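Close look at the chain arrangement
Each chain, written out:
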Amino acid sequence: MDFYGFYTGKIFDAYEFLGAHPDKDGTTFRTFAPAASRITVIGEFNDWQGWGLNKTYDGNFWECYAKGAKPGMMYKYRIYRQDGNCVEHCDPYGFGMELRPNFASIIRDLSHYKFKDSKWMQKRSVCKDKPLNIYELHFGSFKKPSEKADDWYTYVEMIDILIPYLKENDYNYIEIMPLSEHPCDESWGYQNTGFFSPTSRYGTAEELMKFIDACHKNDIGVIMDFVPVHFAVDHYALADYDGTSLYEYPHQDVGVSEWGSCNFMHSRGEVRSFLQSAANYWLSVYHVDGIRMDAISRIIYWQGEPARGVNNNAVDFIREMNRGLKTLHPTAMLSAEDSTSFEGVTKPADQGGLGFDYKWDMGWMNDTLDYFRTAPEYRSRDYHKLTFSMMYYYNDVFLLPLSHDEVVHGKATIAQKMHGEYEEKFPQARAFYMYMYAHPGKKLNFMGNEIGQLREWDEKREQDWDILKYPIHDAFHHFMQKLNHLYMTTPALSAKAYENAGWSDTDIDKVLRIETPDNTFFNEKGIYNYHGGASRAPQGARGLKWRSARTGKSAQMSRPARGAWIEISYLQCKRGSHKRRAPQGARGLK
């Protein structure tokens, strides 16, 4: 290992030196604990009797070779502090852990499995000029073998459960909520104890590799959530690892996050090397195709509060980490969950930006959901909530998210957020999703949204698949399948999504009222003009006669120019139907 690079926060491969590394006769254990007075390793290979680690290099690193320690065996470190007290810890760089509430690390041989996804890896891209339709999921609650909260399908079992569903519904990427080991189910993986350990809830490291390999075989990319901001407070993990604040701040005012977890101290080179190595580990060892980084606003501002100022050390860390990751993995996708207006989030790092490929457009999400909560008769007053996103759209490279955060904690599900009674919500939801998929920007939809689920997400229960026996939900599911297919097969909806020449909205004051022949639906919205690289306007796009909702005057809109067309969605349902097929005429103009 490059020790100077480790201390200065420059390396991305610390896991190749630190942690537990087996060979044919035993395992080498190494850990970084500068303030420890003594360290022993206990495990199944020595009947949990301590074998001492020796100081190496500059005395801040400890190591020993344990003959007979084999992959699959559990181990812990006993770290003796300067005051003589001893605390048992899991390995910060451990490649496996046992199921909570137990916390022993597990020796893993990461070289055993051989990926067969070379074709996928060669053709993979960040999809800037291609459709990117992401299905976000929590691995343990998509489907479950039983109603028991801690009964889950394994990584391997999910191959035949999840992948056919993704293909049937035209999703080309999945984003999995954190799979790194965590002690509390209710944290959903966002408070980690094992940053290098795939959670044992669903199986082993090798089984996760098999799952990702199977996804790639079926042309499905895998994005994993990664948490570079904070970690779990549990005594056996990173907190006070060697009796000092080795990974966290020593001061409570910035050392504790709003969730009660410990904030990483990003000014320390050892912490930077730890996090950079963890991110690179998932991309390199598991062939993960992208990393979505959580809570980036807490990286940018102290405690996520702009009033407290920019955390320059943390900003520098995220910029340099992204720079290094893109150098190592040019086609891996880096996205930021960030609700701030901080400039340059998706600007390349070598141009002074943070170096992300995508930024979640939280403003679009909040404004659009607010619009659809509003009664139709008041929507003309709030039309700017549909159009404002285009005022800042070209400032960054945006992704439109409808994530797990929008369907929990009393917020109601996407379908429930729609205005109206039960049956009235579904025409609203169809219009909402039509608008989302017509709006420039890549797409992300959380599991359950596509079937019109009405119960908020609960990590202990599987999705309410039985609601598909009701025609209104079955019809909505089929609508989403068709919409996904349209997006995936229509280049104009994605090819030039981030070019000013590719997408434009007309005068936002032109709010139109468009009636169908049977007066079943009408629409009030601005007209968007989509170019997107199409060679010609689709057959049938010959023009549109419309009447202004403001003046009542009629006018003729001519056939769009070559390479452009008009898309129309229905934002109000006067007499809605929950039949599988929309009423004749209520299909828009393509």
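What you see is a predicted model; the values in this text were computed from it and never measured.

**Remarks on the overall build of the protein chain**
A tally of regular secondary structure across the protein chain gives 14 helices and 29 strands. Per-residue burial over the protein chain gives 59% buried out of 590 residues. Long-range contacts, defined as pairs at least 24 residues apart, comprise 72% of the intrachain contacts of the protein chain with a sequence gap of at least 6. By element, 48% of the accessible surface of the protein chain is carried by carbon and sulfur atoms, the whole surface being about 23,800 Å².

**Considering the pairing of strand β8 (residues 86–89)**
With burial as the criterion, only one face of β8 is covered, namely that bearing Val87 and His89; the residues Cys86 and Glu88 on the opposite face remain uncovered. Both strand β7 (residues 74–80) and β8 contribute to a ladder of 4 bridges, which runs antiparallel. Bridged to arginine 78 within β8 is glutamate 88. Linking β7 to β8, which pair antiparallel, is a turn of 5 residues; within it glycine 84 sits at a positive phi near 95 degrees.

**Overview of the environment of tyrosine 15**
When you line up the elements, tyrosine 15 lands in the loop between α1 (3–8) and β1 (19–22). Through-space distance from the C-alpha of tyrosine 15 to that of asparagine 280 is 9.5 Å; in sequence the pair is 265 residues apart. Discounting residues that sit within four places of it in the chain, tyrosine 15 has contacts with His21, Tyr93, Phe95, Phe196, Ser277, Asn280, Tyr281, Ser284 and Val285.

**Considering the pattern of salt bridges**
Enumeration according to the criterion identifies 23 salt bridges in this entry. The partner of aspartate 225 in a salt bridge is arginine 292, with the nearest N and O atoms 3.1 Å apart. Within this pair, whereas aspartate 225 is found in strand β14 (residues 221–226), its partner arginine 292 is found in strand β17 (residues 290–293), the two being separated by 67 residues in sequence. No difference in accessibility class separates aspartate 225 from arginine 292, as the two residues are buried. In this structure, lysine 326 engages aspartate 357 in a salt bridge whose closest nitrogen and oxygen atoms are separated by 2.9 Å. Here lysine 326, found in helix α8 (residues 312–328), pairs with aspartate 357, found in the loop between β18 (333–336) and β19 (358–360); they are 31 residues apart in sequence, far enough to count as distant.

**Quick look at the confidence of the model for the protein chain**
Confidence in the prediction for the protein chain averages 88 pLDDT; 85% of positions are at 70 or higher. Below pLDDT 50 for its whole length, residues 505–590 participates in 199 contacts with residues either more than four positions away or in separate chains.

**Some remarks on the pairing of strand β10 (residues 133–137)**
Counted residue by residue, β10 has 5 buried out of 5 residues, so it is predominantly covered. Because side chains alternate across β10, one face comprises the buried residues Asn133, Tyr135 and Leu137, and the other comprises Ile134 and Glu136, equally buried. Of the strand pairs in this sheet, β10 and strand β21 (residues 442–446) are connected by 4 bridges, and their pairing is parallel. Bridged to isoleucine 134 within β21 is leucine 444. Pairing of β10 with strand β11 (residues 173–176), which is carried by 4 bridges, proceeds in the parallel orientation.

Each value, and the rule that gives it
Residues numbered from 1 in each chain as written. Predicted model: local features only at pLDDT ≥ 70, side-chain atom pairs only at ≥ 80, totals over all residues. Heavy atoms only, no water. Helix = DSSP H or I, 4+ residues; strand = E, 2+ residues; numbered from the N terminus. Buried < 20%, exposed > 50% of the residue type's maximum accessible area, 1.4 Å probe, protein only. Contact = heavy atoms within 4.5 Å. Areas by Shrake-Rupley, 256 points an atom, 1.4 Å probe, with all protein chains shown as cover. Pairing = 2+ DSSP bridges. Salt bridge = Lys/Arg side-chain N within 4 Å of Asp/Glu carboxyl O. pLDDT = per-residue confidence, 0-100.

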